[in-house]
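Chain and residue survey
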Amino acid sequence: MTDQQRRRPAKPHRRPQKDPVRFLAFEALRAVDERDAYANLVLPPLLKKARAKGDFDGRDAALATELVYGTLRRQGTYDAIVAACVDRPLSEVDPPVLDVLNMGVHQLLGTRIPTHAAVSASVELARVVLGEGRAKFVNAVLRKVTAHDLDTWVAQVAPSYEKDAEDHLSIVHSHPRWIVSALWDALGGGRAGIEDLLEADNERPEVTLVARPGRSTTGELLAALGEDNGLPGRWSPYAVRMAEGGEPGALTAVQDGSAGVQDEGSQLVAVALANAPVEGRDTRWLDGCAGPGGKAALLAGLAAGRGAALLAAEKQPHRARLVERSLAGNPGPYQVITADGTRPPWRPGSFDRVLMDVPCSGLGALRRRPEARWRRRAKDLESFAPLQRGLLREALKAVRIGGVVGYATCSPHLAETRVVVDDVLKGRGGQQSFEAKWVDARPLMPGVPALGEGPDVQLWPHLHGTDAMYLALLRRTA
Ligand SMILES: C[S@@+](CC[C@H](N)C(=O)[O-])C[C@H]1O[C@@H](n2cnc3c(N)ncnc32)[C@H](O)[C@@H]1O
């Protein structure tokens, strides 16, 4: 070493640069992991704050949203890739480090961000939030990831379909294996269908509005949105689909409650129950699990058009208040009560139509909650099982002979759908059995294709563009 080299001062310490978009996305991912927060609840206030501070414009907000949602949705695939690039089990990598790595992998393999920018932004983020030593680790891992594109990586880290179909699908389409298995059981069929379904879960759903009958019309909503920003619904006569990036909250009709945000699957369920033939009187309708009130508002509007009244019951007081809010302004009579549907205050046989949209695992709405699939456990289903059966039993008691019950879930899991209905009708588990006849729900969803063999209906994101809502219609016969 020369004297000159020996005298050269040490490299000046450079303060890491905080990139507000990646920093915010990291904060949201940590909240989801540490506090079990929901991304769709955590993100909006963070974005609002960043915008108010002048840190963000619309494009920054879109990128932050994509980084959070994309990283969470594709976590299963990215974990498998990162695992192939580190020399220890993933469980020994600290969660914040894994968040920075997975977000880096998403930028490299799941977006069009150039490679050098994705790596340097991730390393810079690591310097800010993890420190210099771990930033080096992040740099080393992400450089390995840059060796291949997504397809090549997946071919390397997932077993072949022929060797282990469920594991293959689980890694390629980023779903826990037990969920792949459950969805496949419910869907039936071969490889193409389940692959389409799992991919549909990885896409952001379009925003659908409902024009609440008697309060607004689809024509008014379409006119308010303008030609380029709205389309009529695919299946529901009350639906309007918003173009990507549309802000439903900016519409006056949504602000005043004459319209709402509601998936077309939920609309179809309410409309099918309202249109199911009942014998005789048709004036008293019940929604036994009403919170937050989406289906209740549609049912109440339909009831009003026929001179019927809706009783909306909800166990949680704060959710009952949401039902109140969505029903306020309904053109016909209604009442909202806080009540436990398994120990109801109403007299048996007093309703003509009853909806029980029971609490469930939500496996039919995975596209809406990117973190939900990683949080749910197979054993959660056991905790819903007695409640779902209890609520359906009470629904069958609440309806009069000749009236109709709609049992609905936002899950296609057979243990929450057909099995519950069969068990209750047959009185399994030492309970009372019920004399009831299945009503074919398919003709009550006119124009909707691929509804299966009936008499119940299972909707699917990849076939209908809706959440995977289930509906069984039953008429009390004795
Ligand atoms: C799937 S959500 C209903 C969604 C609602 N139908 C809608 O479209 O907005 C199920 C609701 O049932 C409520 N719930 C849970 N247990 C209940 C019970 N024993 N009695 C009445 N409601 C109950 C939950 O608080 C939740 O609001």
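On a predicted model such as this, the values are computed, not experimentally measured, just so you know.

1. Focus: the sheet that holds strand E1 (residues 208-211)
In a beta sheet, neighbouring strands pair by backbone hydrogen bonds and run either parallel or antiparallel. If you walk across this open sheet you meet the 4 strands as E2-E3-E1-E4, and the pairing is antiparallel. Looking at which strands have only one partner, the edges of the open sheet turn out to be strand E2 (230-232) and strand E4 (259-261). Strand-to-strand, the axes of this sheet are offset by a mean angle of 30°, without reference to chain direction. Note that E1 and strand E3 (residues 239-242) share 3 bridges and pair antiparallel. When the bridges of E3 are listed, valine 210 appears paired with alanine 239.

2. Details of the domain arrangement of the protein chain
Each domain of the protein chain was delimited in the assignment, giving domain 1 (20-150), domain 2 (160-194), domain 3 (207-261) and domain 4 (264-476). Here domain 2 and domain 4 have C-alpha centroids that lie 28 Å from each other. In this assembly, 12 residues from domain 2 lie in contact with 13 residues from domain 4. Taking both sides of the interface into account, the surface hidden between domain 2 and domain 4 amounts to around 1100 Å²; carbon and sulfur atoms contribute 78%. The interface formed by domain 2 and domain 4 includes 0 salt bridges. Remark: the boundary between domain 2 and domain 4 carries 1 residue pair in polar contact (both at pLDDT 80 or more). Of all the elements, helix H11 (residues 177-187) adds the most residues to the side of domain 2 that touches domain 4, at 7 residues.

3. Details of the UniProt feature "domain: SAM-dependent MTase RsmB/NOP-type" (unreviewed entry) in the protein chain
According to UniProt, the positions carrying the feature "domain: SAM-dependent MTase RsmB/NOP-type" (unreviewed entry) are residues 183-477. Across residues 183-477, helical content stands at 34% and strand content at 20%; the span's end C-alpha atoms are separated by 33 Å.

4. Section: the UniProt feature "active site" (unreviewed entry) in the protein chain
Mapped onto this structure's residue numbering, the UniProt feature "active site" (unreviewed entry) falls at Cys410. Those residues in contact with cysteine 410 that lie beyond four places of it in its chain are Cys360, Gly362, Leu363, Gly364, Ala365, Asp467, Ala468 and Met469.

5. Observations concerning the packing of aromatic side chains
All told, the structure shown has 3 aromatic pairs when counted by the stated rule. Ring geometry for tyrosine 161 and tryptophan 184: centres 6.5 Å apart, planes at 45°, overall tilted. Taken as a pair, tyrosine 161 in the loop between helix H9 (150-157) and helix H10 (165-172) and tryptophan 184 in helix H11 lie far apart in primary sequence, 23 residues in all. What makes tyrosine 161 buried here is its relative accessible area of 18%. With a centroid separation of 6.4 Å and an interplanar angle of 70°, the aromatic rings of tyrosine 407 and tyrosine 470 are classed as edge-to-face. Taken together, the residues tyrosine 407 in strand E9 (residues 399-409) and tyrosine 470 in strand E12 (residues 470-476) connect sequence positions 63 residues apart. Across the pair, tyrosine 470 and tyrosine 407 agree in class, each one buried.

6. Points about the pairing of strand E6 (residues 309-314)
Extensive coverage of E6 is indicated by the burial of 5 of its 6 residues. In this region the chain leaves strand E5 (residues 284-287), passes through helix H16 (residues 294-305) and returns to the parallel neighbour E6; the handedness of that crossover is right-handed. Of the pairings in the sheet, the one linking E6 to strand E7 (residues 334-338) comprises 5 bridges and is parallel in character. Within E7, the position partnered with leucine 311 by the bridge is glutamine 335.

7. Remarks on the packing of H11 against helix H12 (residues 191-201)
The geometry of a pair of packed helices is captured by two quantities: the angle between their axes and the separation between those axes. Across the interface, H11 lies against H12 with an axial gap of 10 Å and an inter-helix angle of 125°. Accordingly, the angle class assigned to the pair H11 and H12 is oblique. For the crossing formed where H11 meets H12, the hand is right-handed. Contacts between H11 and H12 pair Val180, Leu183, Trp184 and Leu187 from the former with Arg191, Gly193, Ile194, Leu197, Leu198 and Asp201 from the latter. Class assignment of the residues belonging to the contact of H11 with H12 gives a composition of 7 nonpolar, 1 polar and 2 charged.

How each quantity is defined
Here, residues in each chain are numbered from 1, in the same order as that chain's written sequence. Where local features are concerned, this predicted model is filtered to residues with pLDDT of at least 70; where side-chain atom pairs are given and counted, the filter is 80 or more; whole-chain, interface and lining totals use all residues. The side-chain numbers reported here are obtained from all heavy atoms of the structure, hydrogens and water having been left aside. Think of it this way: DSSP has to see at least two bridges between two strands before they count as a pair. Helix and strand assignments come from DSSP, with helices taken as H or I runs of at least 4 residues and strands as E runs of at least 2, each series counted from the N terminus. Where helices are involved, their axes are fitted lines through C-alpha atoms of the stretch in contact, as for all axes, and angles between N-to-C directions lie from 0 to 180°. The domain boundaries here were taken from an automatic or database domain assignment. A contact between two residues is defined here by any heavy atoms of the two lying within 4.5 Å. Accessible surface is computed with a 1.4 Å probe, and the buried area is the amount of it that two parts give up when combined, taken over both parts together. We define a salt bridge as a contact between a side-chain nitrogen of Lys or Arg and a carboxyl oxygen of Asp or Glu at a distance within 4 Å. Pairs of N or O atoms within 3.5 Å make up the polar contacts considered here, provided that, within protein, one atom can donate a hydrogen while the other can accept it, and that residues adjacent in sequence are counted only when both atoms are side-chain atoms. UniProt positions are given in the numbering used here, feature names are shortened, and annotations may be inferred rather than shown by experiment. Side-chain rings of Phe, Tyr and Trp, where Trp is taken by its six-membered ring, are said to pair if the distance between their centres is within 6.5 Å; with planes under 30 degrees apart they count as stacked, over 60 as edge-to-face, and otherwise as tilted. Exposure categories follow from relative accessible area, calculated using a 1.4 Å probe and restricted to protein chains: below 20% of the type maximum is buried, above 50% is exposed, and the middle band is partly exposed. Assignment of crossover handedness uses the view with strands pointing away from the viewer, where a clockwise path from the first strand over the helix to the second indicates a right-handed crossover. Working definition: roughly parallel below 35 degrees, roughly antiparallel above 145 degrees, roughly perpendicular at 65 to 115 degrees, and oblique for all remaining angles. Each crossing gets its hand from how the near helix is turned against the far one by less than a right angle, where anticlockwise is left-handed and clockwise is right-handed. The residue classification treats Ala, Val, Leu, Ile, Met, Phe, Trp, Tyr, Cys and Pro as nonpolar and Asp, Glu, Lys and Arg as charged. All others, Gly included, are polar.

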